[in-house]
Amino acid sequence: MTDLTGRRALVTGASSGLGRHFAQVLAAAGAEVTVAARRTDALAETVALVTAQGGRALPVALDVTSPESVAAACAGAPFDIVINNAGIALDGPALKMPDADWSRVIDTDLSGVFRVAQAAAARMVAEKVGGSIVNVASIVGLRVAGNLSAYAAAKAGVIQLSKALALEWARNGIRVNALCPGYIETPLNAEFFASEPGQALIRRIPQRRLGQMRDLDGPLLLLASEAGAYMTGSVIAVDGGHLVSSL
Ligand SMILES: NC(=O)c1ccc[n+]([C@@H]2O[C@H](COP(=O)([O-])OP(=O)(O)OC[C@H]3O[C@@H](n4cnc5c(N)ncnc54)[C@H](OP(=O)(O)O)[C@@H]3O)[C@@H](O)[C@H]2O)c1
């Protein structure tokens, strides 16, 4: 039921980390994957990884903060799977957060998700094809962590946005769900998690380990494929129990 043969997927933020991994997972399940981000040299590496495993991937330059860029990336034949994964996290105390940093996080992590979902859904509706949109939020959109106020607000917004779009677009056969990873080890954060503060954080996760990117494969394929046909407006946490850690 998780076979994606014949499906066209768009993965934003596919030039590194989770997005690069998601592109490989969807391609391995049979989808043709368009990989999108600002750094086209890094996208070429993603394409090479997908191709090396026998999959099909196409790169497209995308800045989710630009409506024109989003419109260009979503023009043409509609995608029937959209993984809204592009995001940034700027940390720091709220009292010292410059207005520009607040705006940049909200513009990328919340407004960017809306822009891509809107442009992709408009093509699905025009061509009368259904589809699945998976918005990558975070457990920080459900609980808070220190010094991440803009990120937490943006991710909470992504969760509520996913529900609102699920309601509006169910009649068009478009499912919209939110995937909320906990702390997942990627090349960018591996150094932090090896440090003592990082190890202390891991001890607070009930499963006493970080998530690995492969831990997201099942939930991603469930939401993207027909296996999740009756799921829309759902919020799935994949966090080793972090959200239910003891008070
Ligand atoms: N890693 C975790 O533990 C974790 C946990 C919960 C949620 N998440 C979420 O998962 C997603 C991916 O995180 P990650 O850890 O893989 O981070 P990452 O390695 O920093 O990747 C972020 C991706 O977003 C892209 N991006 C950033 N700004 C963009 C823009 N304006 N337009 C288009 N693409 C943009 C980046 O590509 P370019 O720079 O090339 O544009 C990059 O490919 C994020 O939404 C993050 O909030 C991650």
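Anything mentioned here points back to the structure above.
Residues numbered from 1 in each chain as written. Predicted model: local features only at pLDDT ≥ 70, side-chain atom pairs only at ≥ 80, totals over all residues. Heavy atoms only, no water.

J.: Is there a simple way to explain the packing of aromatic side chains in this structure?
T.: For any pair of aromatic rings, the description rests on two quantities: the centre-to-centre distance and the angle between the ring planes. Scanning the entire structure with this criterion turns up 2 aromatic pairs. A ring pair is formed by Phe 192 and Phe 193, whose centres lie 5.0 Å apart and whose planes are at 65°; its orientation type is edge-to-face. For Phe 193, a relative accessible area of 4% gives the class buried. Linked through ring pairs, Tyr 183, Phe 192 and Phe 193 together constitute an aromatic cluster. (Phe/Tyr/Trp six-rings, centres within 6.5 Å; stacked < 30°, edge-to-face > 60°. Buried < 20%, exposed > 50% of the residue type's maximum accessible area, 1.4 Å probe, protein only.)

J.: What am I meant to see in the packing of helix H1 (residues 17–28) against helix H2 (residues 40–52) here?
T.: Think of two packed helices as two axes; the pair is described by the angle between the axes and how far apart they sit. Across the interface, H1 lies against H2 with an axial gap of 9 Å and an inter-helix angle of 30°. The angle between H1 and H2 places the two elements in the roughly parallel class. The two elements H1 and H2 cross, and the hand of that crossing is right-handed. On H2, the residues touching Arg 20, Ala 23, Gln 24 and Ala 27 of H1 are Ala 42, Glu 45, Thr 46, Leu 49 and Val 50. (Axes fitted to C-alpha atoms, helices over the stretch in contact; angles between N-to-C directions. Helix = DSSP H or I, 4+ residues; strand = E, 2+ residues; numbered from the N terminus. Parallel < 35°, antiparallel > 145°, perpendicular 65-115°, else oblique. Left-handed = near helix turned anticlockwise from the far one by under 90°. Contact = heavy atoms within 4.5 Å.)

J.: Help me understand helix H4 (residues 99–126), please; the structure alone is not making it clear to me.
T.: Residues lying three or four places apart along an α-helix face the same way, a consequence of the helix completing one turn every 3.6 residues. Taking 1.5 Å per residue, 28 residues should reach 40 Å; H4 reaches 38 Å between its end C-alpha atoms and fits that length. Among the residues trailing H4, Lys 128 stands out with phi positive, at a value near 55°. (Expected span 1.5 Å × (residues − 1).)

J.: I tried to follow the side chain of Ser 69 on my own but got confused; where do I start?
T.: Summarising the element assignment, Ser 69 is placed in helix H3 (residues 67–74). For Ser 69, a relative accessible area of 17% gives the class buried. If sequence neighbours within four positions are ignored, Ser 69 has contacts with Ala 61, Leu 62 and Asp 63.

J.: How should I be thinking about the nonpolar core in this particular structure?
T.: One recurring pattern in soluble globular proteins: nonpolar side chains tend to sit buried together. Val 11, Phe 22, Leu 26, Val 33, Ile 83 and Leu 179 are the most contacted members of the largest nonpolar core, which has 33 residues in total. Sorting the residues of this core by element identifies strand E1 (8–12), H1, strand E2 (32–37), H2, strand E4 (81–84), strand E5 (131–136), helix H8 (217–224) and strand E7 (235–238) as the ones contributing at least two each. Examining the composition of this core, we find that 6 residues originate from one element, H1, more than from any other. The contacts of Phe 22, once residues within four sequence positions are left out, are Val 11, Ile 83, Asn 85, Val 136, Leu 179, Leu 216 and Leu 220. In this structure, Val 64, Val 113, Ala 117 and Val 176 belong to the second largest nonpolar core, which totals 29 residues. (Core = buried A, V, L, I, M, F, W, Y, C linked by side-chain atoms within 4.5 Å.)

J.: Whenever I open this one, the site of the ligand confuses me. Can you help?
T.: Near the ligand there are 30 residues, and of these Ser 15, Leu 18, Arg 38, Arg 39 and Tyr 151 occur at the shortest range. In the environment of the ligand, a nitrogen atom lies 2.9 Å from a nitrogen or oxygen atom belonging to the backbone of Val 64. Here Tyr 151 contributes a side-chain N or O atom positioned 2.5 Å from an oxygen atom of the ligand. The fraction of the free accessible surface of the ligand (880 Å²) that becomes covered by protein chains is 90%. Going through the elements one at a time, H1 and helix H5 (149–169) are the ones with two or more residues in the shell around the ligand. (Near = heavy atom within 4 Å. Polar contact = N/O pair within 3.5 Å; in protein donor to acceptor, adjacent residues only side chain to side chain. Areas by Shrake-Rupley, 256 points an atom, 1.4 Å probe, with all protein chains shown as cover.)

J.: Whenever I open this one, the sheet that holds E4 confuses me. Can you help?
T.: To summarise the sheet geometry, strands pair through backbone hydrogen bonds and adopt either a parallel or an antiparallel arrangement. Strand order in the open sheet formed by 7 strands is E3-E2-E1-E4-E5-E6-E7, and the pairing between neighbours is parallel. Two strands bound the open sheet, and with one partner strand each, they are strand E3 (56–61) and E7. Between one strand axis and the next, the sheet turns by 20° as a mean value, whatever way the strands run. Looking at chain direction, E1 and E2 are connected through 5 bridges and run parallel. Among the inter-strand pairings, Arg 8 is bridged to a residue of E2, identified as Glu 32. The sheet contacts of H1 involve E1, E2, E4, E5 and strand E6 (174–181), and relative to E1 the element is tilted by about 170°. Against the sheet, H8 touches E4, E5, E6 and E7, its axis set at about 165° to E6. (Pairing = 2+ DSSP bridges.)

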